[in-house]
Amino acid sequence: MDLRIFTEPQQGATYDTLLAVAKATEDLGFDAFFRSDHYLSMGSGDGLPGPTDAWITLAGLARETKRIRLGTLMTAATFRLPGVLAIQVAQVDQMSGGRVELGLGAGWFEQEHTAYGIPFPKEKFARLEEQLAIVTGLWETKPGDTFDFHGTHYDLTGSPALPKPAQAKIPVLIGGHGASRTPKLTARFADEFNMPFASIEDSERQFGRVRAAAEAVGRKADDLTYSNALVVCVGKDDQEVARRAAVIGREVGELKENGLAGTPSEVVDKIGRYAEIGAQRIYLQVLDLADLDHLELISAQVRTQLS
């Protein structure tokens, strides 16, 4: 079971804060550092000192880390043109020595689009499908050849399809709860399917849909990686769990029901139940980025029991 650290910087984080978390992620033996792609805080938080851009952040971290994978859950397709996104991700992959992964989603938070003057189209899923075709098509085009794409939303003619990533293939992640279109899109384009913030039962059901969709297009279902993203709140005892829950404004009971919360043994047990239904990787949503002791505890008493 791979454990990855997943952050939500729009809730309030500087680049230096993210760098400290990424370095701790690497030093403590976690597999990867991922971040969301949002420009506006959610809920009651003020988001100070303001948003950081996902791919600018990852470019910096690419030069300041050595081992961990780096990526997004999920880059918003509404934020970037697909040709520009392909260039950005390929460049960060080069800067990292081939450690980047691209999670790409349709975009959904209308308020942040309004706040920063970003168009928020009514039809987002069809745009996401075209973006996936373009980004992967540009990367797959052989050097010296050109890439054309003529869709409803995007039109590319004679693209040199450069630069190329350092990796032969950048892993692409698709996720979500959709029962039909999401599994089909995953089967066509993804290397990993991520089920965000879902119960064991809902995850098992969605994993089954994705596996069936993969087989329907002639792929082996086991060629995909299956993962979950879950909020994490671990403490050495009940008092520490309660303290950490209070800091992030959550109730312990709710966290235990909907995420990974409790003592290390409780969390290991629940992760094991996700593993039983096919999860191979867990993205630990860490909401208090100042609490590096939390990461140390998870590494020492959860990660080591799962490796």
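Novice: Teacher, can you tell me more about the nonpolar core here?
Specialist: Of all hydrophobic cores here, the largest spans 78 residues; its most connected members are Phe33, Trp55, Trp139, Leu284 and Val302. The biggest single contributor to this core is helix 5 (residues 125-140), with 8 residues. When sequence neighbours within four positions are dropped, the list of residues in contact with tryptophan 139 reads Ala86, Val89, Ala90, Leu102, Lys164, Pro165, Ile170 and Val172. Listed in part, the 7 residues of the second largest apolar core include Ala32, Leu73, Leu173 and Ala229.

Novice: Help me understand the environment of valine 267 in this model?
Specialist: Summarising the element assignment, valine 267 is placed in helix 10 (residues 264-276). For valine 267, a relative accessible area of 2% puts it in the buried group. Through-space distance from the C-alpha of valine 267 to that of valine 302 is 7.2 Å; in sequence the pair is 35 residues apart. Excluding anything up to four places from it in sequence, valine 267 contacts Val234, Leu260, Ala261, Gly262 and Val302.

Novice: Would you explain the pattern of salt bridges in this entry?
Specialist: Tallied over the full model, the rule gives 18 salt bridges. The closest approach of N and O atoms between arginine 80 and aspartate 37, which form a salt bridge, is 2.7 Å. You can see arginine 80 sitting in the loop between strand 4 (75-76) and helix 3 (82-96) and its partner aspartate 37 sitting in the loop between strand 2 (32-35) and helix 2 (54-64), a full 43 residues away along the chain. Given a relative accessible area of 9%, arginine 80 falls into the buried group. Since its relative accessible area comes to 1%, aspartate 37 is described here as buried. The shortest N-O distance in the salt bridge between aspartate 291 and arginine 244 comes to 2.5 Å. Of the two residues, aspartate 291 is situated in the loop between strand 12 (281-286) and helix 11 (292-306) and arginine 244 in helix 8 (residues 238-247); the sequence distance between them amounts to 47 residues.

Novice: What am I meant to see in helix 6 (residues 181-189) here?
Specialist: Residues three or four positions apart in an α-helix share a direction because the helix packs 3.6 residues into each turn. Inspection of helix 6 places Thr182, Pro183, Leu185, Thr186, Ala187 and Phe189 among the buried residues, and these make up the whole buried set. Residues of helix 6 that are buried make contact with helix 5, strand 8 (172-175), strand 9 (192-196) and helix 7 (200-216).

Novice: What is the right way to look at empty space enclosed by the protein in this model?
Specialist: Vacant regions in the atomic arrangement are exposed by a probe of water-molecule size rolled over the atoms. Scanning all chains against the criterion turns up 1 cavity of 30 Å³ or more. Computed from the structure, the largest cavity encloses a volume of approximately 70 Å³. Val232, Cys233, Arg244, Val247, Ile248, Val286, Leu287, Asp288, Asp291 and His294 are the residues that line the largest cavity. Elements supplying a minimum of two residues to the lining of the largest cavity: strand 10 (225-234) and helix 8.

Novice: Teacher, can you tell me more about the packing of aromatic side chains here?
Specialist: A ring pair, where both rings are aromatic, is described by two values, the distance of the centres and the angle of the planes. This model, assessed by the stated rule, comprises 6 aromatic pairs. Clustering of aromatic rings is evident, with ring pairs tying together Tyr39, Phe79 and Tyr116. The ring of phenylalanine 125 carries arginine 181 above its face, with NZ or CZ at 4.2 Å from the centroid.

Criteria and thresholds
Residues numbered from 1 in each chain as written. Predicted model: local features only at pLDDT ≥ 70, side-chain atom pairs only at ≥ 80, totals over all residues. Heavy atoms only, no water. Core = buried A, V, L, I, M, F, W, Y, C linked by side-chain atoms within 4.5 Å. Buried < 20%, exposed > 50% of the residue type's maximum accessible area, 1.4 Å probe, protein only. Helix = DSSP H or I, 4+ residues; strand = E, 2+ residues; numbered from the N terminus. Contact = heavy atoms within 4.5 Å. Salt bridge = Lys/Arg side-chain N within 4 Å of Asp/Glu carboxyl O. 1 Å grid on protein atoms, 1.4 Å probe; cavity = no way out; pocket = protein on both sides within 12 Å on 5 of 7 lines; lining within 4 Å. Points joined across faces, edges and corners; volume = space filled by probe spheres on them. Phe/Tyr/Trp six-rings, centres within 6.5 Å; stacked < 30°, edge-to-face > 60°. Lys NZ or Arg CZ within 6 Å of the ring centre and 35° of its normal.

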